[in-house]
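Observations on chain architecture
Okay, here's what each chain looks like letter by letter:
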Amino acid sequence: MDETEKITILQKLIQIKSVNGNEAAVARYIASLFEPYQQSAKVEFVTYSPGRDNLVITIGNPNGKQLGLSGHEDVVDPGELSTWHHDPFAGEIAAGNVYGRGASDMKSGLAAIVIAMLELLADGTPLNGSIRLLATVGEETGEYGAAQLTKAGYADQLAALVIAEPTGLDKIAYTARGVIDYHVDSIGKSVHSAQSAKGINAIDNLIVFYNEVTEIMQRLDKIDPVLGGLLHNVDLISGGEQINTIPGEARLSANVRTIPAYPNQMIYDILEKLVHRLNDRAGFQLKISYSYPEEAVPGRSNAPLVKLAQKIGHRVIGNRVIPVGAGGASDASEFLRAKSRFSAIVYGPGTNTSHEPDEYIEIEQFLQATMLYRNLALAFLAGEGN
């Protein structure tokens, strides 16, 4: 496949408006690229909901070990269009870059995986095992596509997994923070503010929770040598009806970025114990809920998969490739819940423009990624990185 064809694939992916949905169009386009290889590629659509399809494509020898290559199909909203100099859904080329929403996060990584697999099929390259593409829905809003695929067993045979999220090809993320988004709803009693003694102020009770949870979280002071400490931030508080009415309802929403030293279950236990303790007080009625929690991903910088990816990466880009930690969660958190035990890394093309106006990927780096994934897959299936 020549460079123009590769860039066109990336542009067409960017042109699909898969903003927090419409991933089925991405899945159909990728699947269409494999139609010439129907005898060699197993293509499976796994529907999450109407218009939202995960895609699983498997090539190679089913009797050998299996390498997973994963990317998500969805992108975030482009935001205010007036802040863009390039159409976010045109895939414009300028100054050696491809611009558009998802150019970095992460349609360039997804496209590079697809191209690597297509080239292996086109060349008839014999594989000592199999390669499985896991293209997911809903990563940007909760990794629920990866959760669905994992529950359905699509990761159970993996020997290793590479998530093509943007790290830049000079860095490999081998460990990552987890995430917990939680919400505390407070029920009080609305009355006229002139008769406040008759009511129960739902906001006041949330403030008590806020002060106590902040103090508790500050005591969780272990520091991961790569990821740093646990992070707890209350980011949203809402409640009340009008200025002269005691609020009968209020909600607090917070984000926790966990580290391996503090597993998610430990945080759940702390939060729920606090809620139960406060509810024992007169006038308190708090309820806690969670949305899309993800476990921290442990790892070792000297793991065989990391070392292999470093070696292949160095050969491709000509520079040193550094193992790092990732501050954000990825689909790896869900796939690692599979029945098999395997190593996972996050390694993909990208710039520091993800989620920003004029998001872009350097064409040179994108083309390097197509070669990197091909060479990494061949080396791993040949027995390296075990």
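Residues numbered from 1 in each chain as written. Predicted model: local features only at pLDDT ≥ 70, side-chain atom pairs only at ≥ 80, totals over all residues. Heavy atoms only, no water.

**A few points about the pattern of salt bridges**
Oppositely charged side chains may form a pair once their charged atoms are brought near each other. The line we're drawing: When a carboxyl oxygen of Asp or Glu lies within 4 Å of a side-chain nitrogen of Lys or Arg, that pair is called a salt bridge. Each helix is a run of H or I in the DSSP string that is no shorter than four residues. Each strand is a run of E no shorter than two, and both are numbered from the N terminus. Throughout this description, buried means an accessible area under 20% of the type-specific maximum (1.4 Å probe, protein chains only), exposed means over 50%, and partly exposed covers the range between.
Evaluation of the coordinates by the stated rule reveals twelve salt bridges. Residue Lys 6 pairs with Glu 119 through a salt bridge whose shortest N-O separation is 3.2 Å. With a gap of 113 residues between them, Lys 6 in helix α1 (residues 3–15) and Glu 119 in helix α3 (residues 107–123) connect regions that are remote in the sequence. Residue Lys 6 is classed as buried on the basis of its relative accessible area of 11%. One salt bridge in this structure joins Glu 119 and Arg 374, with 3.9 Å as the shortest N-O distance. With a gap of 255 residues between them, Glu 119 in helix α3 and Arg 374 in helix α9 (residues 363–381) connect regions that are remote in the sequence. Assigned by exposure class, Glu 119 and Arg 374 land together as buried.

**Let's talk about the environment of Val 316**
As a reminder of what qualifies: Residue contacts are defined here by distance: any two heavy atoms, one from each residue, within 4.5 Å place the two residues in contact.
Inspection of the secondary structure assignment puts Val 316 in helix α7 (residues 304–317). For Val 316 and Ala 90, which are 226 residues apart along the polypeptide, the C-alpha to C-alpha distance reads 29 Å. Excluding anything up to four places from it in sequence, Val 316 contacts Gln 368, Met 371, Leu 372 and Asn 375.

**Notes on the sheet that holds strand β17 (residues 360–362)**
The strands making up a sheet associate through hydrogen bonds between their backbones, and the pairing can be parallel or antiparallel. Worth spelling out the cut-off: For two strands to count as paired, DSSP must find a minimum of two bridges between them. Axes here refer to lines fitted to C-alpha atoms; in helices the fit is confined to the stretch in contact. Angles between the N-to-C directions go from 0 to 180 degrees.
Within the open sheet, the three strands sit side by side as β4-β5-β17. Their pairing is antiparallel. The sheet is open, and its two edges are formed by β4 (93–94) and β17, each paired on a single side. The sheet contacts of α1 involve β4, β5 (97–99) and β17, and relative to β5 the element is tilted by about 20°.

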